[in-house]
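Overview (structure and organization)
Each chain, written out:
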Amino acid sequence: MEIFRVTGGVRLAGEVFVGGAKNSVLKLMAAALLAEGETCLTNVPDILDVTIMSEVLRRLGCTVVRDGDAMRIDVPGRTSTETDYSLVRRMRASVAVLGPLVARYGHAKVAMPGGDAIGMRGLDMHINGLVALGAEVRSEHGYLIASASRLRGAHVTFDFPSVGATENVLMAAVLADGDTVIDNAAREPEIVDLVEMLQSMGAQISGAGGSTLRVTGVRGLRPTAHHTVPDRIVAGTWAIAAVMTRGDVRVRGARPQHLERVLQRLGDMGASVRHESDGFSVSIDRRPTARNIVTLPYPGFPTDLQPMAIALGAVADGASTLTENVFEGRFMFVNELIRLGANIQVDGHHCAIAGIERLSSAPVEATDIRAGAGLVLAGLVADGTTEVGHVAHIDRGYPGFEASLRGLGASIERVSVPDLYLSE
Ligand code: UD1
């Protein structure tokens, strides 16, 4: 196992560059399946989840070649339609191939991901959406099997603006017969990015960025070239790290308009935030003031920045609450933060945080990508050296995580240790 050793006490300062969004590129890669031929993606982040999605596409029969931040995906005239558990269990986003496969071939067999460390994460909205488009979906031996001789446009209304369900239904509807309306659709910038790529492939879609998406199905799509939208969660992580360490950080390659609620909150806490032509900068020279935070679907405060926001509240001046409205199981990492001396009480989907001046280093374990990043940020403001275990989680979503932090002056190193190290 690899761990990070983080020594706290440094004020982060300098520049950090943000690449393409994990939560976008994985779906763009799935969208490539909709057209025969070579699709080229750029601004592709070098993260483990992209490697896993590349493997999903290869096993379906595609050729995937990476060259720096560019990726070429060559999709044959006919691919396999089956994605097995060995890949889906490693990365839930593999289910994004369901919509494209059933749209193109009328058949898809994709292993069900099961629960994970941040909550139940059902697939009912994905399934109901595909059923509304005329697919028959059944579950058998741990697989979801979707089939349809021809998809037809329909009116789909989601109970909740699910990102993954919006993407799957959208990628199915683009090749369906007739018109589809998706109501209460997710509005995340990653959905807009996917819509833009689909449009450049020849899809007819309107309403991206709003709650209603309208799609007119077309007979076929063509491969395209597309530049991935910047990763707002990585950018937000560096912004929060800057405020926690009372630092001065310039985040380049990011779009501040995708982080409006987050940057506004950091401003409320005392930070000075400046929008720049290719990003933004955040600086603060005193202890941040505690402020309440509520996570919500976009344009609300992102649930993916919730662990970092709790870590920030843990060292802010005063008491605050954080309310989680997207994933019910996402407070599990709070126990790790308490090991670092944080004063936090969890009650249902709320947590009450009483800020303290400084955390106290201890060995802790990352349970998912964002919890891992939150714990490293906590280590930056703890006295002594904090060891964060299972950093493979962090590698799933952050390219060059420790190099970025070191570039800002942090003291962090990656160390290989025997697997049982932390429990000995
Ligand atoms: C995506 C992101 C994840 C982010 C989340 C919310 C990727 C790879 N992951 O996850 O980082 O935290 O959006 O912004 O893009 N739900 C159901 N039934 C469904 C679908 C979802 O009950 O059929 C529930 C989930 O359990 C969760 C909520 O809806 O409580 C939101 O999930 P969703 O928006 O679908 O998140 P993901 O697409 O899985």
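As a reminder, the structure under discussion sits directly above these lines.
Bear in mind the structure is a predicted one, so any value in this text is a computation, not a measurement.

Reading the values: the criteria
Residues numbered from 1 in each chain as written. Predicted model: local features only at pLDDT ≥ 70, side-chain atom pairs only at ≥ 80, totals over all residues. Heavy atoms only, no water. Pairing = 2+ DSSP bridges. Helix = DSSP H or I, 4+ residues; strand = E, 2+ residues; numbered from the N terminus. Axes fitted to C-alpha atoms, helices over the stretch in contact; angles between N-to-C directions. Contact = heavy atoms within 4.5 Å. 1 Å grid on protein atoms, 1.4 Å probe; cavity = no way out; pocket = protein on both sides within 12 Å on 5 of 7 lines; lining within 4 Å. Points joined across faces, edges and corners; volume = space filled by probe spheres on them. Nonpolar A, V, L, I, M, F, W, Y, C, P; charged D, E, K, R; others polar. Buried < 20%, exposed > 50% of the residue type's maximum accessible area, 1.4 Å probe, protein only. Parallel < 35°, antiparallel > 145°, perpendicular 65-115°, else oblique. Near = heavy atom within 4 Å. Polar contact = N/O pair within 3.5 Å; in protein donor to acceptor, adjacent residues only side chain to side chain. Areas by Shrake-Rupley, 256 points an atom, 1.4 Å probe, with all protein chains shown as cover. Domains from an automatic or database assignment.

1. A few points about the sheet that holds strand β10 (residues 155-157)
Within a sheet, neighbouring strands are paired by backbone hydrogen bonds and run either parallel or antiparallel to one another. Read from one edge to the other, the open sheet built from 4 strands follows the order β10-β11-β13-β12, with strand pairing classed as mixed. Of all the strands in the sheet, the pair left with one neighbour each is β10 and β12 (204-206). Taken pair by pair, the neighbouring strands of this sheet meet at an average axis angle of 15°, ignoring direction. Summarising the sheet, strand β11 (residues 179-183) and strand β13 (residues 212-216) pair through 5 bridges and their orientation is antiparallel.

2. A closer look at the sheet that holds strand β7 (residues 107-111)
Strand order in this open sheet of 4 strands is β6-β7-β9-β8, and the pairing throughout is mixed. Looking along the sheet, the strands with just one partner apiece sit at the ends: β6 (82-83) and β8 (136-140). With respect to the sheet, helix α4 (residues 98-105) is in contact with β7 and β9 (143-147), its orientation differing from that of β7 by roughly 160°.

3. Observations regarding empty space enclosed by the protein
A full pass over the atoms with the stated rule returns 3 cavities of 30 Å³ or more. Empty space within the largest cavity amounts to approximately 40 Å³. If you trace the largest cavity, you find it lined by Met269, Arg291, Ile293, Ala309, Ile310, Gly313, Ser320, Thr321, Leu322 and Ile353. Every element with two or more residues in the lining of the largest cavity is listed here: α10 (306-315) and β19 (319-323). Split by residue class, the lining of the largest cavity holds 6 nonpolar, 3 polar and 1 charged.

4. Overview of helix α1 (residues 22-31)
Across the 10 residues of α1, 9 count as buried, placing the element largely inside the fold. Those residues of α1 that sit buried are Lys22, Ser24, Val25, Leu26, Lys27, Leu28, Met29, Ala30 and Ala31.

5. Some remarks on the packing of helix α6 (residues 163-173) against helix α7 (residues 189-200)
As a packed pair, α6 and α7 sit with axes 11 Å apart at the nearest point and diverge in direction by 10°. Between α6 and α7, the angle falls in the class roughly parallel. Along the contact surface, α6 presents Val163, Thr166, Glu167, Leu170 and Met171, while α7 presents Ile191, Leu194, Val195 and Leu198.

6. Section: the environment of Val10
Mapping Val10 onto the fold places it in the loop between β1 (2-7) and β2 (13-17). With relative accessibility at 29%, the residue Val10 sits in the partly exposed group. Spatially, the C-alpha atoms of Val10 and Val417 are 25 Å apart, while their sequence positions differ by 407 residues. With residues near it in sequence (within four places) discarded, Val10 still touches Thr245, Leu380, Gly409 and Ala410.

7. A few points about unusual backbone geometry
Omega for the peptide link from Tyr298 to Pro299 comes to 15°, which places this bond in the cis form. Note that Pro299 resides in the loop between β18 (293-294) and α10. For His141, which is not glycine, the phi torsion reads 50° and is therefore positive. Judged by its relative accessible area of 76%, His141 is exposed. A positive phi angle is found at Asn184, which is not glycine, with a value near 55°. Among the secondary structure elements, Asn184 is positioned in the loop between β11 and α7.

8. Describing the site of the ligand
Taken together, 20 residues are adjacent to the ligand, and Asp124, Met125, Ser162, Asp304 and Val326 come closest. In this structure, Asn23 approaches the ligand through a side-chain N or O atom, which is 3.0 Å from an oxygen atom. Between an oxygen atom of the ligand and a main-chain N or O atom of Val163, the distance comes to 2.8 Å. Against a free-state accessible area of 730 Å², the protein chains account for coverage of 86% of the ligand. At the level of elements, α1, α5 (124-132) and α6 are the ones that each hand at least two residues to the shell around the ligand. Tallied by class, residues from the shell around the ligand come to 7 nonpolar, 6 polar and 7 charged. Counting contributing residues, the shell around the ligand receives three or more from each of domain 1 (2-19 + 230-423) and domain 2 (22-227).

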